Amino acid sequence: MRIPATAMAEHLMWTRSGVIWATWRITPLASGFGTARMKRMTKLHHQALFQALRGEALFLGLCADLDPVTVVERMLDGVRIDQCPDWADEVERTLDALEKVPLGTRAFWLSVPLAGTNFKARAMATFRAADTRVRDIAALPRELPRPAEVSAALRAARDVEERIPKVFSAVPATAAENIWIALHAQQRGLAADTTVPLPAPEKDPSTLLDADLARFQLPAGMPNPWLDEGGQSDVDRASQFLPFKRKYLKVQSPYSDEPSYQVLQALVSGPKAGWQSPGVEWISAVDDLPMDVDWALRMTVTPAADVRRRNKRAEDALKDQYTQQGGNDSITGGASDLAEVAETLEAYHRSLNQSDKEVETQVTIIFAVGDPTPDGAKLRGRVLSDQYKSFDFLLEAPLGGQEELWWAMLPGVPTTRLPRELAQITTGRELATGIPLTASELGDMKGARFGVNITTGRQGQILRDIEGNNKADLSGSFGVVAEKGAGKSVLLKCELGAVVDRGGRVLAIDRTEAEEYATFALTLRPDHTAVAGLLNPQWNLDPLRMFGPKEGARMLQSLFAVMLGLPVLSEGGVFLSSLLEGDYLAAHDITSVRRLLSHLRDDLGGTPEAKQLLSLMNVVASKDIGEVLFNDGLKPLDVNATAIVFLNAGLELPDRTELEHEHLFRELSLEKRFGRAMYSMLVAVMRQVCFHDKNQLAGAFFDECHAITSSPEGARELKLFFRDDRKHNAFAAVGSHDPRDFGDEESRGLIKTRYVMRQTDETLAPHALNWMANGLGEDPAMVRMVTRELSPIDPSTGTVPLHRRGEGIMRDAAGRMGKFRKTLPERPDRRAAVLSTPAQQVSS
Amino acid sequence: MDEQPQTQHVEIARFYTRSRKFPRLIGRLHDGTKIPGGPYTITQGVVFAILLTLGLATRGLWGTGSILIDLPLTGVVAWGGAWGAGRLPATRRNAASLLLGALGAMTRTGAGRYLDRTVRLRPPHKAGGFTAVTGRSGPTSAPHSPPAVPATPAPPRPAAPAAPRQMAVSGVERLLAQARGSKKE
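Residues numbered from 1 in each chain as written. Chains lettered and ligands numbered in written order. Predicted model: local features only at pLDDT ≥ 70, side-chain atom pairs only at ≥ 80, totals over all residues. Heavy atoms only, no water.

Draft legend 1. Fine view of the nonpolar core. All names here are of chain A. Core analysis: the largest hydrophobic core is formed by 90 residues, its most contacted members being Leu541, Phe560, Met617, Phe646, Met678 and Phe702. A total of 11 residues in this core trace back to one element, the largest contributor, which is helix α25 (residues 670–690). The residues touching Phe646, leaving out its near neighbours within four places in the chain, are Leu507, Ala508, Ile509, Asp510, Ala532, Leu541, Leu637, Leu682, Val685 and Met686. Ala125, Ala157, Trp295 and Phe367 belong to the second largest nonpolar core, which has 61 residues in total. (Core = buried A, V, L, I, M, F, W, Y, C linked by side-chain atoms within 4.5 Å. Buried < 20%, exposed > 50% of the residue type's maximum accessible area, 1.4 Å probe, protein only. Helix = DSSP H or I, 4+ residues; strand = E, 2+ residues; numbered from the N terminus. Contact = heavy atoms within 4.5 Å.)

Structure below.
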């Protein structure tokens, strides 16, 4: 057999056998995990696809072994590298780190021999194949298919395309993709793949030129392989007659120096009693293995009506067998075998009758593994078959049939005897339980490296592009739910660092005694970092001084409303509002709260309203906690700093009961009133700063989010943040041990990117899961995962083993879910800064 | 392939390959009489037929000369072979196809296949060919002449009368010719 392509145009391939094949790139559905309903939908989409096809089809799931440079380029995309030296350093180190890990993605194609053309077109295609052969022999130039032939084939291909459910967004495959498929098959296991060519962008019909309509690609780029089944060339002549332990194929591609050894196995039987779905995703399960396994499904789809006739014949043959084998009624004898066949036939008939749309799929399921050495290939093959065997699915690598199976995995090759013999018969519904066309990819196409996708055994890199999400009109905000010590603050700090390194700005509220976030922020850009303590202030946080009279006055009014109990429409509130009018402030040169205080005392001393306001303000101004607002000796906070951290440790806050019961509220201590008011003001300040400049990404980090949302004002401010973040190129990052701390249902729903890390508490875990996806918390398997399987603590040491730290489940901005492991920054200083736990800092 | 909770909607799927592909046995003749020792698989039938034909065809090599002895003997051997074929483990695959696959694997050459052809490396050989050179000047040695041949000057060929066009010269010779031509000018 030879490379089948003789000419390629668009996504069509004219082949040596005279059949025209059309190929589409298939977008996989999101797998990983999800609610039972989501899993069911995935299966139903597959079912719809299989039931829509007729005749022959070839599905391919090939693992592209990526070059680390591809990943790193995606990390640099959109960043002005000359302005971000820290990021350049990080990316460079990431490249080194990625050299050591396998990187890959699985790409999917559907290839169909076009049978839907008319007789004339088919005759023409056959003639074309014969003509090509003659011309090859006579060394004459090849003749390309005529425009009429191309358009007839395109029409037939369009008919097939229309049958593919839209959810798989089938895109016509380019000639480059066809060549990639051929080359990948020849270099399997050599880690020599280039990035899978992107599908062609959709053409705008108005710009179509005649030349575009049928631009032919001669398959000159198609590499011709040298094939040696059993590696006969590696052994001496005497051993060549003993091929039994060499069930592999040696393939040499013209583009690589070393040969690839491949083991091709076909699925020859499944569990006799069947398998459960969802639960046994028997095709996509190859992704659970820590190695690349390619698969191909070569199938013939027949409508149920035709199959019933075939089954009738099978039934007749079965009856005849009862006669032929009659009298043999031993338990282990032929009669019991026949009873089994009868049972299978009956079950098949029943299954076919479940739906009028049902089809029969005769499918040959081929798995291929490759390695640079024969022993490596055999080992991989054995690992694969053992894995399947443990679930009662048997794989067989046919002796002498390796080459035939290898060809069967290529589009354009007609189905030969061996794949037919190895075909399994089932219905479209039941084939769909293998859910082959799924991928567990997470995150964004470019951006900062977030972590490793550990949903399946094939570990991909997760990139996060917050700015890209904002620009795509998704929200860049994210939330993390985890118990203490599960890695929540490490995750937040890594993200904080990445934003600054990539040229963004960050603000954070730090509630830790050890000043965890402040210490970390100071390692980023020390000269552009402002750390503002509320209790021992180095900066003045007076809104009038930070933002000027216009914006500052509004913030001040809200601050006093909460802190001094002065509702805006109360007598005192209206009086304060009149003082904070722009003209009034300018006329009396009131540029700070301290000056407002002096103005009240010195200029307005007589009026009762002024007296009352003055005495109220003095309650705070005369205490040490008031210094941060009233001390004009301190410089106002530089709101243009790249990183601003507010230190709130020691600031007291009222609890929920105190806020809900009037008598307790009235007795609220000054510290608690101050704390509550300052918190909501800080959120407003952060929102103001973040929303200021659309051209620069700005993020607000709120760890221990309950401190903010425990007061209605704080919760309201946060909700405003979530509502408008993307419009201002800003995002909020919130963290807590319970998602209910992120605000009301609406606020929680506005967070698009969600992370849940270890939460051993069995009552809190379902809350976290239900926030991730509605109904997920009711799934006991998911609860078990969050409580016990994510970053489990080793009882012998009392700590989480290093390689299991930072595990969690995530839902990305596109709504896909999967398991991740957070990676740390590659720069050693940054890594040390991220990892320094509060305990270490206190002792040091 | 995780175990799943029983609460969600679970369906059972399976392959129905056995409903079509099951071993067909022959146990009775057309008139319904049982074949002794049966039923037999088709493989057994084929083995029996092959052995019987082979046995009878090669009677000249081993035969006793008497058909009365040879025929039952062949029959017994063929039946033995068929019995043996019946003992072969029943697999999901066709026995003939398995045998063909194994034979194919054993007899493949060590040179592999390229463009659907067995790769045959030709042994080192001389790339021969004659070049007729006509020239006005002295002798030239043909490029194919083996180096072992002593460089004896060839007898001067008679210059072709009125034939300035030179035929089949090498690139180097063409260069030399050009140089000569330019000198003349």
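Draft legend 2. Region of interest: the interface of chain B and chain A. The interface of chain B with chain A comprises 46 residues on the first partner and 81 residues on the second. Interface area, chain B with chain A, both sides summed: about 5800 Å², of which 53% is carbon and sulfur. The interface formed by chain B and chain A holds 7 salt bridges in total. Ionic pairing is found between Arg18 of chain B and Glu340 of chain A, a salt bridge with its closest N-O pair at 3.0 Å. Taken together, the connections running from chain B to chain A amount to 26 residue pairs in polar contact (both at pLDDT 80 or more). Those elements giving two or more residues to the side of chain B that touches chain A turn out to be β1 (11–13), α1 (17–20), β2 (25–26), α5 (95–107) and β4 (113–114) of chain B. Counting residues per element, the side of chain B that touches chain A draws most heavily on α5 of chain B, at 5 residues. In terms of strand pairing, strand β9 (residues 226–229) of chain A meets β4 of chain B through 2 bridges, oriented antiparallel. (Buried area = accessible area lost by both parts, 1.4 Å probe. Salt bridge = Lys/Arg side-chain N within 4 Å of Asp/Glu carboxyl O. Polar contact = N/O pair within 3.5 Å; in protein donor to acceptor, adjacent residues only side chain to side chain. Pairing = 2+ DSSP bridges.)

Draft legend 3. Region of interest: the side chain of Thr427 of chain A. Note on placement: Thr427 of chain A falls in strand β16 (residues 424–427). For Thr427 of chain A, a relative accessible area of 0% gives the class buried.

Draft legend 4. Here's a closer look at the sheet that holds strand β28 (residues 753–757) of chain A. Residue and element names in this part refer to chain A. Reading across from one edge, β19-β18-β30-β29-β28-β20-β27-β26-β21-β25-β22 is the order of the 11 strands in this open sheet, with mixed pairing throughout. Taken across any chain shown, the strands that pair with only one partner, and hence form the sheet edges, are β19 (460–464) and β22 (529–533). For this sheet, the mean inter-axis angle between neighbouring strands, taken without regard to orientation, is 25 degrees. Here strand β21 (residues 505–510) runs beside strand β25 (residues 643–647); their pairing, made up of 5 bridges, is parallel. Paired with Val506 across the two strands is Ala643, which belongs to β25. (Axes fitted to C-alpha atoms, helices over the stretch in contact; angles between N-to-C directions.)

Draft legend 5. Spatial organisation of a negative patch on the surface. All names here are of chain A. A contiguous patch of negative charge on the surface is contributed by Asp67, Glu73, Asp77, Glu92, Asp96 and Glu99. Position of Glu99 relative to the elements: it lies in the loop between α3 (85–98) and β6 (104–113). Note on Glu99: relative accessible area 52%, which makes it exposed. (Patch = residues over 30% accessible without salt bridge, like charges linked within 9 Å, V, L, I, M, F, W, Y side chains within 5 Å. Areas by Shrake-Rupley, 256 points an atom, 1.4 Å probe, with all protein chains shown as cover. Lys, Arg positive; Asp, Glu negative; His and termini not counted. Charge placed at Lys NZ, Arg CZ, Asp CG, Glu CD.)

Draft legend 6. Summary view of the side chain of Arg673 of chain A. Residues and elements named next belong to chain A. Here Arg673 shows up in helix α25. We note that Arg673 is buried and unpaired, the nearest opposite charge coming from Glu671 at a distance of 9.3 Å. Looking at Arg673, its side chain comes within polar contact range of the main-chain oxygen of Phe665, at 3.4 Å. Among residues more than four places away in sequence, those in contact with Arg673 are Met563, Phe665, Arg666 and Leu668.

Draft legend 7. How the structure looks around unusual backbone geometry. All names here are of chain A. For the peptide bond that leads from Ser277 to Pro278, omega is -5 degrees, which places it in the cis range. Topologically, Pro278 is positioned in the loop between β12 (275–277) and β13 (294–303). Look at Glu10: it is not a glycine, yet its phi comes out positive at around 50 degrees. Look at Ala139: it is not a glycine, yet its phi comes out positive at around 55 degrees. Looking at where Ala139 falls in the secondary structure, it is placed in the loop between α4 (119–137) and α5 (147–163).

Draft legend 8. Examining empty space enclosed by the protein more closely. Residue and element names in this part refer to chain A. Per the counting criterion, the structure on display carries 8 cavities of 30 Å³ or more. Size it by volume and the largest cavity reaches roughly 180 Å³. Taken together, 19 residues line the largest cavity, and the ones lying closest to its centre are Glu90, Arg449, Cys494, Ala498 and Pro825. Listed by contribution, the elements that provide at least two residues to the lining of the largest cavity are α3, β18 (448–453), α15 (488–501) and α31 (828–835). Broken down by element, the residue count for the lining of the largest cavity peaks at 6 residues, all from α15. Residue classes in the lining of the largest cavity are distributed as 9 nonpolar, 3 polar and 7 charged. (1 Å grid on protein atoms, 1.4 Å probe; cavity = no way out; pocket = protein on both sides within 12 Å on 5 of 7 lines; lining within 4 Å. Points joined across faces, edges and corners; volume = space filled by probe spheres on them. Nonpolar A, V, L, I, M, F, W, Y, C, P; charged D, E, K, R; others polar.)

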